[in-house]
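# Per-entry structural report
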Amino acid sequence: MSYLKFDRSVLTNISESLQKEILLANSKGAYYCSTILGCNTRKYHGMLIVPASSQLADRWVLLSSLDETVIQHGAEFNLAVHKYSSGTFSPNGHKYVREFDVERATTTVYRVGGVVLEKQLLLSSTNNQLIIRYKLLDAHSRTTLRLKPLLAFRKTKELTYENSQVNWSYREEKNGISMCLYEGAPRLYIQLSKSNVFTHAPHWNKNHYYDKEAERGHNCIEDLPVPGVFECEIKKGEEIFCSISDVAISTNDIHTQFEDNLSQIIPRDSFTNCLKSAVGQYYFVPKEGKSYLQAGFPWFNIRHRDQMIGLTAASFGIDKPERFKAVMDTALEAIWKYYDEGIKDEIITGIDQPDALLWLINCIQDYSRWVGMDKARLEYGDTIKKALNIIRSGKVDQMRIMDNGLLYAIPNRIDKPITWMDATINGYPVVDRQGYIVEYNALWYNALCFYRDLFEVEDLSENDFIDRVSESFIRVFVNEYDYLFDYVAEGREKDWSVRPNQILAAGLSYSPLSRRLQRNILDIVTKELLTPKGLRTLSPISGFYRGYCAGNDSERAYSYLQGGVWSWLVYYYLSAYLKLFRRVGVSFVDRILIPFEDEMKRHGICNISEVYDGTPPYVGRSAMSFMLSVTALLRIKNRLNEFEEFETDDIFDLRLSLTSHHKSSPDAGLEAVEDSKKGEEWEEA
């Protein structure tokens, strides 16, 4: 049985199956996205969505859906499913679905009387082309296949309605047609692998209703233009291919193109392979020499912080190490153009954020885990030196180094938050984080220690400065209950809220905290923030906590950062656990990953959502495919591989070497035995 396979009992339950979304994406920025029934529930859903430029926000939904109808003895059986504003579903094609499988090509099997039809979809990895293979597995009489395209020709954030500006004219292509409904839009080509009859009968299919948009308080009703229908006979055992693209193709090559692309797909036959398959879809190459990582689907663009956090997993983690250099080269060009010339990049956002260089250094540190310190120093040593010099010289906007050695950041504008917690309501941040920000300074200390080890710095003044940062970190952030303030700002009362950002101070390779304090942080995060889907953004004990991430824009923005669960933070939580308890903690980490494997079949099939409710049953919300969530789990899987490759004593020595310059952890070796003894107790926690 396939790892990700759904049978009739799930598929015919329309309320359940419409919650499950499927995504296919390629390196050109094109994607296919819908529910497993093919019934669109978002304005971002469609058969073919293509970027009109390097700006991913400038995507066009060209084809909304393609309705299939099986005809026998004059009887028509429509396999499609659409929801309308009246609340009705028509047609009711879900009644004919027998199974849905995504191990390689997305495969749906329909049974209509004596007819068994298999439909497989895949997206070309190199072109903006969706290829559909129809195969008639069984039939007892002459069978006709009718295809009705429901077009859209609009931007992803828009909706279309019946209008008189639409251009219904079409151009005949080999075994198909091409159309461009509006001036300035891409042209759509629909071509089949065999001759067919196209009947031009333009009309509007009105009042399509999108549940997900309604839930978010957005416009949710749309009219879709239909140019006509294609018809051709299909015989038992015959395969018919349909190409949907923004360029004309040779119909003689569709079969070969399908098989070639099919062979490149990572089989989704295990949890790890599902993660690898999902990660591969974020790679974006709009033109030669420019490579990026998308932050997620279906609406995210390119964000610097996200790229730096997920890059090693999206390259080395999927056995494509060449992607690291490709993305890093593009990012560095944009970073230095901003810091040297003051010019912001048109594609990568967030380079001007105060923590941009800190995440850059951390990414190179992750890189060194894969290639070794010598190669990392040779290739990116100058990059690290330049980044640290920029920070130390005070050239980072909105941030400065204080006399105590810590970083202090204040936003220039109240409506532009400066951390990853960037949601706003009516122009004001949900969480106004400024001043001494805990993850900024955890990254800062980590960067300084990595620099010292990378270059084997023995300068006393440098070591004294790092020691001062460590001591100041403890003095500023550690409270009387031995966990960390989220941020500390001058002129404000200290915020005692328990938030997850403190876990970076324990989860990064170098920590300014003693092992006892790291364990205390791990303890409180476990008790108040840990869920089966990641870490809450706020403890439920807080009066500001909200456990459900639903409602209108303002309600969702609030709940995302006041209790919503983010999976990407679990990497630093589990890293801290492995660092403190080493091999004893492996079984605990394995158990933490189990609920994520179940998530592969829920919100986004073979994907991890952006955010989850902080209250059971921890429903996935917002984007159905979030790069930081997926790469966090893949990074943890890679960390676990380290324990499989080495014996326990080797791991022990490796971890000690990573903390050999820890002034705040001089007793690491003595505490190792104690940690091992306490490991089982912590697993129960």
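All of these numbers come straight from a predicted model, not from anything done at the bench.

## Things to note about the nonpolar core
Note that soluble globular proteins tend to have their nonpolar side chains buried in a common cluster. Residues Ile244, Met328, Leu357, Ile503 and Trp568 are the most contacted members of the largest nonpolar core, which totals 226 residues. Each residue touching Trp568, except ones within four places of it in the same chain, is listed here: Ile309, Trp420, Phe626, Leu628, Ser629 and Ala632. Core analysis: the next-biggest nonpolar cluster, separate from the first, contains 9 residues, Leu122, Phe241, Phe258 and Leu262 among them.

## As for the pairing of strand β15 (residues 176-179)
Every second residue of β15 is oriented toward a common face, with Gly176 and Ser178 on one face and Ile177 and Met179 on the other, all of them buried. For strand β14 (residues 171-173) and β15, the ladder comprises 3 bridges, and the chain directions are antiparallel. When the sheet's bridge partners are listed, Glu173 is paired in β15 with Gly176.

## With respect to the packing of aromatic side chains
Each aromatic ring pair is summarised here by two numbers: the centre-to-centre distance and the angle between the ring planes. Enumeration over the complete set of coordinates arrives at 34 aromatic pairs. Relative to Phe477, the ring of Phe473 lies with its centre 4.7 Å away and its plane at 40°, an arrangement referred to as tilted. Taken together, the residues Phe473 and Phe477, both in helix α11 (residues 460-477) and 4 residues apart, mark about one turn of the helix. Judged by its relative accessible area of 0%, Phe473 is buried. Ring centres of Tyr481 and Trp496 lie 6.0 Å apart, and the angle between their planes is 75°; on these two criteria the pair is classed as edge-to-face.

## Let's talk about the confidence of the model for the chain
Of all residues in the chain, 94% attain a pLDDT of 70 or more, and the chain-wide mean is 92. Confidence drops under a pLDDT of 50 for residues 647-685, and excluding neighbours within four residues, the segment shows 65 contacts in the predicted structure.

## Regarding the pattern of salt bridges
According to the stated counting rule, one finds 35 salt bridges in the structure shown. Taking the shortest distance from any N to any O, the salt bridge between Lys290 and Glu333 comes out at 3.1 Å. In this pair, Lys290 is assigned in strand β21 (residues 290-293) and Glu333 in helix α7 (residues 322-341), connecting sequence segments 43 residues apart. The class of Glu333 is partly exposed, set by a relative accessible area of 48%. Bridged by salt links that share partners, the residues Glu76, Arg146 and Glu231 form one connected network.

## Here's the deal with helix α8 (residues 356-371)
For α8, which comprises 16 residues, the first-to-last C-alpha distance of 23 Å matches the rise-based estimate of 22 Å (1.5 Å per residue) to within 8%. A positive backbone phi angle near 100° is found at Gly372, which sits one or two residues after α8.

## Re the environment of Trp496
Positionally, Trp496 belongs in the loop between β30 (487-488) and α12 (504-507). On the accessibility criterion, Trp496 (38% relative accessible area) is partly exposed. Measuring from C-alpha to C-alpha, the distance between Trp496 and Ala52 comes to 47 Å, with 444 residues separating the pair along the chain. The residues touching Trp496, leaving out its near neighbours within four places in the chain, are Asn479, Glu480, Tyr481, Tyr483 and Phe485.

## Some details on the state of the cysteines
In the structure shown here, the tally under the stated rule is 0 disulfides. Cysteine Cys33 remains unbridged, with the sulfur of Cys39 as its closest cysteine sulfur at 13 Å. Of the residues examined, Cys33 reaches a relative accessible area of 0% and is grouped as buried. Of the cysteine sulfurs around Cys606, a residue in no disulfide, the closest is that of Cys274, at 3.6 Å. Judged by relative accessible area, which is 5%, Cys606 ranks as buried.

## Section: the sheet that holds strand β9 (residues 97-101)
A sheet is described by the order of its strands in space; here 9 strands give the open sequence β1-β9-β10-β11-β12-β19-β16-β15-β14, paired in antiparallel fashion. Unpaired on one side and paired on the other, β1 (5-7) and β14 mark the two borders of the sheet. This sheet shows a mean twist of 15° between the axes of neighbouring strands, independent of strand direction. Packed on one face of the sheet, helix α4 (residues 254-263) meets β11 (115-123), β12 (129-138), β16 (188-192) and β19 (239-245) and runs near 100° to β12.

Rules used throughout
- Residues numbered from 1 in each chain as written.
- Predicted model: local features only at pLDDT ≥ 70, side-chain atom pairs only at ≥ 80, totals over all residues.
- Heavy atoms only, no water.
- Core = buried A, V, L, I, M, F, W, Y, C linked by side-chain atoms within 4.5 Å.
- Buried < 20%, exposed > 50% of the residue type's maximum accessible area, 1.4 Å probe, protein only.
- Contact = heavy atoms within 4.5 Å.
- Helix = DSSP H or I, 4+ residues; strand = E, 2+ residues; numbered from the N terminus.
- Pairing = 2+ DSSP bridges.
- Phe/Tyr/Trp six-rings, centres within 6.5 Å; stacked < 30°, edge-to-face > 60°.
- pLDDT = per-residue confidence, 0-100.
- Salt bridge = Lys/Arg side-chain N within 4 Å of Asp/Glu carboxyl O.
- Expected span 1.5 Å × (residues − 1).
- Disulfide = S-S within 2.5 Å.
- Axes fitted to C-alpha atoms, helices over the stretch in contact; angles between N-to-C directions.

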